[in-house]
Amino acid sequence: MDYKNIIVEEKNAVGYLTFNRPQALNSFNVEMHREVAEILNLWSKKQEVRCIVISGEGRGFCAGQDLGDRVVDPNAAAPDLGYSIETYYNPLIRTLVNMPKPVICAVNGVAAGAGANIALACDLVIAAKSANFVQAFCRLGLVPDSGGTWFLPRAVGHARAMGLVLLGDKLPAETAKEWGMIWDVAEDSELKSKVTELAERLAKQPTFGLSLIKKALHQSSNHSFDEQMHLERDFQRIAGRSEDYREGVQAFMNKREPNFQGR
């Protein structure tokens, strides 16, 4: 497959998706949205890809929406930004959250606007020490989108979330880790190797069970305690019937490394 706005690689059961519009800090235009959607939909079904890594080319991860792709003519009718959200950003975030395999985000530089929230939609976020997160919407008179108003309060609490979205200040990667917004921070020179090691580790795990873990955690905030206990019972029943569970038990009993297939 030949893409103009992204770089795609599959290696050691890991799919690597790199945003490739460095001249625009990897901000999204319509064409990039379509390319990203195509590869993610393919990988969601491809058995050989057992973990996904998303990163950005150049000095930034993603600056959100390319405003040059959305020029506002002061003499024309106001644009319908809700159309863009419903057509492109919401499907992207839902795809990441519902991806039936682990998704790692490697934030190599600035993650601003929708770019920051795309990172938060991934399962594990590892950022370079020089990276920062910016909820830049308020600077344009807009509302955080791409799940930002859902992810942020749950990750850092109401007070910190309110400060981030009302002020639009940069949040350094190390502070984001301290606040529990991301999983880890790496030296800039070590980010790629650290993410690759983690991705290949996850790709060898029982990814069918990992997909159920993701679902359980995402649904927990909308459930009562008893509802979540019932969900755990139901998901454990499903997991116990998987080939991965059978392989994991046999490998443990025979004192060998398991060979999980993700089913």
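Residues numbered from 1 in each chain as written. Predicted model: local features only at pLDDT ≥ 70, side-chain atom pairs only at ≥ 80, totals over all residues. Heavy atoms only, no water.

- For the protein chain, the name recorded in an unreviewed UniProt entry is 2-(1,2-epoxy-1,2-dihydrophenyl)acetyl-CoA isomerase, with Acinetobacter proteolyticus as its organism.
- Under Sequence similarities (unreviewed entry), UniProt gives the following word-for-word description of the protein chain: "Belongs to the enoyl-CoA hydratase/isomerase family." (UniProt positions renumbered as here; feature names shortened; annotations may be inferred.)

Here's the deal with the overall build of the protein chain
- Scanning the protein chain from terminus to terminus reveals 10 helices and 10 strands.
- Along the first, second and third principal axes, the C-alpha atoms of the protein chain reach 70 × 45 × 35 Å.
- Out of the 263 residues in the protein chain, the part that is buried amounts to 44%.
- A fraction of 68% describes how many contacts in the protein chain between residues 6 or more apart in sequence connect residues 24 or more apart.
- Roughly 14,200 Å² of accessible area belongs to the protein chain as shown, and the carbon and sulfur atoms make up 53% of that amount. (Helix = DSSP H or I, 4+ residues; strand = E, 2+ residues; numbered from the N terminus. Buried < 20%, exposed > 50% of the residue type's maximum accessible area, 1.4 Å probe, protein only. Contact = heavy atoms within 4.5 Å. Areas by Shrake-Rupley, 256 points an atom, 1.4 Å probe, with all protein chains shown as cover.)

Topic: the pairing of strand E7 (residues 124-128)
- When you tally the buried positions in E7, you get 4 out of 5 residues, the bulk of the element.
- Relative to E7, strand E5 (residues 103-107) is paired through 4 bridges, and the arrangement is parallel. Considered in E7, the bridge of isoleucine 104 is made with leucine 124.
- Across 3 bridges, the pairing between E7 and strand E10 (residues 184-186) is parallel. Across the sheet, the residue bridging to alanine 127 is valine 185, located in E10. (Pairing = 2+ DSSP bridges.)

Some points on helix H10 (residues 243-253)
- Residues of H10 that are buried: Asp244, Glu247 and Ala251. Down the axis of H10, the sector holding all buried residues measures 65°, keeping them to one side. Along H10, the residues that are exposed and aim more than 90 degrees away from the buried face are Phe252 and Met253.
- As for H10, its buried residues are in contact with helix H8 (207-220).
- After H10 finishes, the residue lysine 255 shows a positive phi value of roughly 55°. (Arc of directions from axis to C-beta.)

Notes on the pattern of salt bridges
- In the structure shown here, the tally under the stated rule is 11 salt bridges.
- Between lysine 129 and glutamate 174 there is a salt bridge, with its nearest N and O atoms 3.8 Å apart. Here lysine 129 is found in the loop between E7 and strand E8 (132-134), whereas its partner glutamate 174 is found in helix H6 (residues 173-178), with 45 residues between them in sequence.
- Looking at lysine 129, the relative accessible area reads 39%, which means it is partly exposed. (Salt bridge = Lys/Arg side-chain N within 4 Å of Asp/Glu carboxyl O.)

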